[in-house]
Structure formats: C-alpha cells, structure tokens
Amino acid sequence: MNAPAIAPLDPALARAAADFPILARPVRKRRLVYLDNAATTQKPAAVIEAEATFYRESNANIHRGVHWLSQRATELYDAARERVQHFMHAARPEEIVFTRGTTEAINLVAQAWVRPRLGPGDEILVTCMEHHSNIVPWQLVCEQTGATLKVVPVDERGQLELEALDALLGPRTRLFAFTHVSNALGTVNPVAELVRRAHAVGALALVDGAQAVAHQAVDVQALGCDFYAFSGHKLYGPTGIGALYGRFELLDAMGPWQGGGDMIRTVRFEGSTWADVPQRFEAGTPNIAGAVGLAAAIDYIESVGLEAIAVHEHALLAHATEALGAVSGVRLIGTAAHKAGILSFLVEGIHPHDLGTILDVEGVAIRAGHHCAMPLMNRFGIPGTARASFALYNDEADIAALVAAVRKAQQLFRGEGR
Ligand code: C6P
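Residues numbered from 1 in each chain as written. Predicted model: local features only at pLDDT ≥ 70, side-chain atom pairs only at ≥ 80, totals over all residues. Heavy atoms only, no water.

## Considerations on the sheet that holds strand β12 (residues 342-347)
Okay, so step 1: Strand order in this open sheet of 4 strands is β11-β12-β15-β14, and the pairing throughout is antiparallel. Edge positions in the open sheet fall to β11 (330-333) and β14 (367-369), since each of these has one partner strand only. If you compare each strand with its neighbour and ignore which way they point, the axes differ by 30 degrees on average.
Okay, so step 2: Seen against the sheet, helix α11 (residues 306-325) touches β11 and β12 and runs at an angle of roughly 10 degrees to β12.
Okay, so step 3: Across the sheet, helix α14 (residues 396-413) touches β11, β12 and β15 (385-389), and the angle it forms with β12 is around 15 degrees. (Pairing = 2+ DSSP bridges. Helix = DSSP H or I, 4+ residues; strand = E, 2+ residues; numbered from the N terminus. Axes fitted to C-alpha atoms, helices over the stretch in contact; angles between N-to-C directions. Contact = heavy atoms within 4.5 Å.)

Laid out in structure tokens, this is it:
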C-alpha cells in the first residue's frame with residue numbers, strides 16, 4: 001500500500017480494541033475487521049456490564065413504586081438523563097427526552113410539534129442527503145397537514161448547495177431538518193450556519209445527529225438548534241435507546257404524541273391532563289436498562305476523549321481515502337471538504353452487494369446498498385455504494401485488510417485466483 005502511515009495512536013486509543021469483547025471473536029475463522037460502525041458500533045465491556053449489573057442489582061419499574069428497588073431504578077434513570085444533558089451541553093435535564101433512537105425522536109417532533117401547528121402553504125425544508133428517517137416522517141406530516149416538503153440540493157462532491165438555500169428558505173418555512181453528518185457520504189454540514197439561516201426566516205432547526213455524536217463533541221447551545229436527535233447504539237451504547245434534545249420552551253408548549261402511563265397528571269373519562277416535560281413524551285415503561293447503558297457509553301467515550309477520537313478517525317479516513325482511491329477501478333462517492341469517518345465507494349464492474357459479500361468472506365464487515373438514503377443515490381445516478389465507516393477501535397491494519405479484500409474481489413471478478 002502506498003498511502004502514508006498514520007501517526008502513532010493515542011495510548012488510550014491504541015488499547016481501545018481490547019475494551020470491546022466482540023472484536024476478539026473470529027468471524028469466518030479470520031480476525032474480525034469491523035467497518036460497519038455507521039450502522040451500529042460495537043459495545044465496550046463497560047456498557048455490557050452496566051446493563052447486566054442493572055438487571056442483576058437494581059431492576060424495578062420507575063416513577064411508580066414506593067419500594068427501595070423502584071427508587072433505586074428511578075435514580076439511575078434520572079441520573080442517565082443528566083448524563084446525556086451534560087454530554088449534549090443542554091441547559092437542563094428536562095430538555096432531554098429518552099426515545100428508542102433517532103427515528104423515534106424525529107417522529108416525535110413531526111407529530112407533537114409540526115402536526116398541530118402547520119397547514120396548507122406552510123413548508124418543511126430537508127436536504128437531499130437525508131436518511132429516510134429524516135424524510136419520511138416529514139412526508140407523513142405533510143400529508144396530514146397539507147404542508148409542502150422542499151429539498152436543498154447536493155453538489156457533485158456531496159456538499160449542500162448553500163446558494164440554493166436562500167431561495168428555499170422563506171417566510172412559509174416552519175422547520176428546517178438536516179443531518180449533522182451524512183451517513184452515506186460522510187459530509188459534515190455547517191450546523192451553526194444552517195441554524196442561523198433557518199432562524200433568520202423564523203423557522204425552527206432540527207438536527208439529525210445520528211452520525212455525529214460518536215465522532216465529535218456536540219454542544220446544542222453553541223449550535224443554537226431547536227431540536228437534536230441521536231441514537232445510543234451508534235455511540236457504543238445499547239440499541240433501543242436514544243434521545244431528543246428540545247429547547248425547554250418548545251417542549252413545554254408541545255402536547256403529547258403517545259398516550260399511556262407515566263405521561264399523565266390526571267386521567268378522567270371526561271378528559272386527561274399531562275405530566276410535565278420530559279415525562280409527557282415518555283409514555284409507558286421506558287428502556288431503563290438502555291438508559292443506564294447509554295450513560296455508561298457516554299462515560300466510556302469521554303474517558304477516551306472525543307478530541308482524541310476525532311483526530312484518530314480523521315487520520316484513518318485520510319489514510320483510507322488515499323489507499324482505496326489509489327486502487328484502479330475504485331470511485332469514491334462523497335468527497336466533501338469536511339468529512340467524518342465514512343468512506344463510500346464503487347468498484348468498476350462489481351455490484352456493491354457482491355463486493356460486500358466477498359469482503360465478508362475475507363472477514364471485512366462493511367455495508368452495501370442505498371444506506372436508507374435512496375434520494376441521494378438517485379441524485380448520483382447509482383443504486384448504492386459500498387461503505388466503510390470507522391470507529392475509535394479501528395486501525396491501519398483494518399484499512400490494509402479492506403484494501404486487500406477489494407483487490408481480491410477485483411481478481412475474482414477478472415477470473416483470476418478462482
Ligand atoms: N443509519 C446506517 O447504516 P436509528 O435507526 O433510529 O437508530 O437511526 C436512523 C438514522 C437516522 N439518521 C441517520 C443520519 C442515520 O445514519 C440513521 C441510521 C444506519 O447508516 C442504519 S440505516
């Protein structure tokens with residue numbers, strides 16, 4: 001491989017792979033090279049243990065029981081909310097609503113904030129690089145309200161066409177929903193600038209942070225956004241838990257979106273009244289163990305250091321871009337000036353799904369397909385891509401394995417080495 005070696009790892013990162021038990025397990029009798037981190041990250045032992053310890057020592061339902069265990073579980077759940085609050089730099093814990101993940105957080109805003117407030121002629125703006133989770137909820141709510149969905153285009157490199165934005169943002173724009181980092185291209189969007197432009201026309205700004213929070217520090221107050229959604233499982237935490245940050249005044253003004261236990265103040269057959277936020281948006285028994293695991297994941301990520309993680313992943317991305325880009329027949333999709341650790345590519349003559357299958361046989365796990373971003377694939381005129389995505393435990397050897405596996409696939413398709 002001709003690409004320059006990356007700088008020696010930060011000591012905390014050099015040891016990091018050992019924190020993740022699954023990385024020690026061979027797959028297809030080979031060392032596992034896990035490069036599908038944008039789909040979900042692996043979990044450190046600290047997170048697995050935190051969840052197991054909760055079930056072993058503190059399991060009970062929350063906000064309901066007078067007994068010791070219930071109080072203990074409630075304390076842990078509330079502490080997890082505060083952990084997320086500090087991680088996101090939110091002003092108060094009430095601004096954090098636990099959800100199943102990014103998808104549910106966005107649907108919550110669509111149904112509880114947008115649906116009662118928008119009507120025909122109002123507009124919601126998204127971008128062409130959104131994940132389906134940040135498109136379909138808005139389509140549904142547009143159908144329900146008569147509002148219109150508009151789209152900011154993306155250029156050849158996979159960057160937002162900011163000149164087009166001014167014409168698309170107008171007095172009828174009520175909400176601008178955009179991703180912090182594109183899951184299919186790795187493009188990092190200028191969030192503070194986009195929020196500023198949305199606010200300038202009186203629109204609210206929602207940020208899909210699913211691909212951002214594990215890779216860089218996020219400060220919702222500095223960004224100025226109104227809503228910010230993320231999933232725990234892309235942050236080294238459990239599946240089935242995530243959060244919506246919402247500015248307190250907005251959440252407080254919103255009615256509930258799901259009814260059930262824990263979200264009410266009083267219930268009578270003549271009518272019910274609602275609990276304060278955030279409980280108003282957390283109907284039913286929540287994922288208590290998941291919240292505890294998410295707090296442990298945040299502890300873990302902060303013990304390694306987001307600054308060090310960002311530096312490491314940028315070095316990996318630069319190295320992989322050069323190494324893979326040097327392979328003849330490889331076309332990189334998404335070459336924005338600002339990118340996070342995601343590398344989408346095509347190999348001439350090999351369908352991404354075939355490539356993904358061959359790489360899997362070589363022990364290299366990547367994702368192949370449209371990455372739940374079909375409109376973006378249509379924009380590039382392609383059915384999908386192969387995508388390698390990096391995490392704090394990846395290293396140069398993983399990239400060497402990726403490049404070697406791509407070369408092997410090319411040999412197989414040329415009929416050599418069968
Ligand atoms: N992207 C990927 O492989 P959930 O499923 O709710 O945890 O996250 C949805 C989601 C929303 N926005 C962005 C930008 C995302 O990347 C994702 C999930 C995964 O790219 C699975 S499709």
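## Things to note about the domain arrangement of the protein
Reports often express the size of an interface as the amount of accessible area lost when the parts come together.
Okay, so step 1: Annotation of the protein at the domain level lists domain 1 (11-31 + 306-413) and domain 2 (48-302).
Okay, so step 2: Spacing between the C-alpha centres of domain 1 and domain 2 amounts to 28 Å.
Okay, so step 3: With 33 residues of domain 1 at the contact, the number on the domain 2 side is 31 residues.
Okay, so step 4: Surface buried jointly by domain 1 and domain 2 totals about 2600 Å² across both partners, of which 59% is contributed by carbon and sulfur atoms.
Okay, so step 5: Contact with domain 2 buries area across many residues of domain 1, yet L306, L376 and R379 alone supply 24% of it, more than any other trio.
Okay, so step 6: Connecting domain 1 to domain 2 are 1 salt bridge.
Okay, so step 7: Here R379 makes a salt bridge to E156, at a shortest N to O gap of 3.1 Å.
Okay, so step 8: On the surface where domain 1 and domain 2 come into contact, there are 18 residue pairs in polar contact (both at pLDDT 80 or more).
Okay, so step 9: For the side of domain 1 that touches domain 2, the secondary structure elements donating two or more residues are α11, β12 and α13 (374-380).
Okay, so step 10: Sort the elements by how many residues they give to the side of domain 1 that touches domain 2 and α13 lands first, with 6 residues.
Okay, so step 11: Considering only residue class, the side of domain 1 that touches domain 2 consists of 22 nonpolar, 6 polar and 5 charged. (Domains from an automatic or database assignment. Buried area = accessible area lost by both parts, 1.4 Å probe. Salt bridge = Lys/Arg side-chain N within 4 Å of Asp/Glu carboxyl O. Polar contact = N/O pair within 3.5 Å; in protein donor to acceptor, adjacent residues only side chain to side chain. Nonpolar A, V, L, I, M, F, W, Y, C, P; charged D, E, K, R; others polar.)

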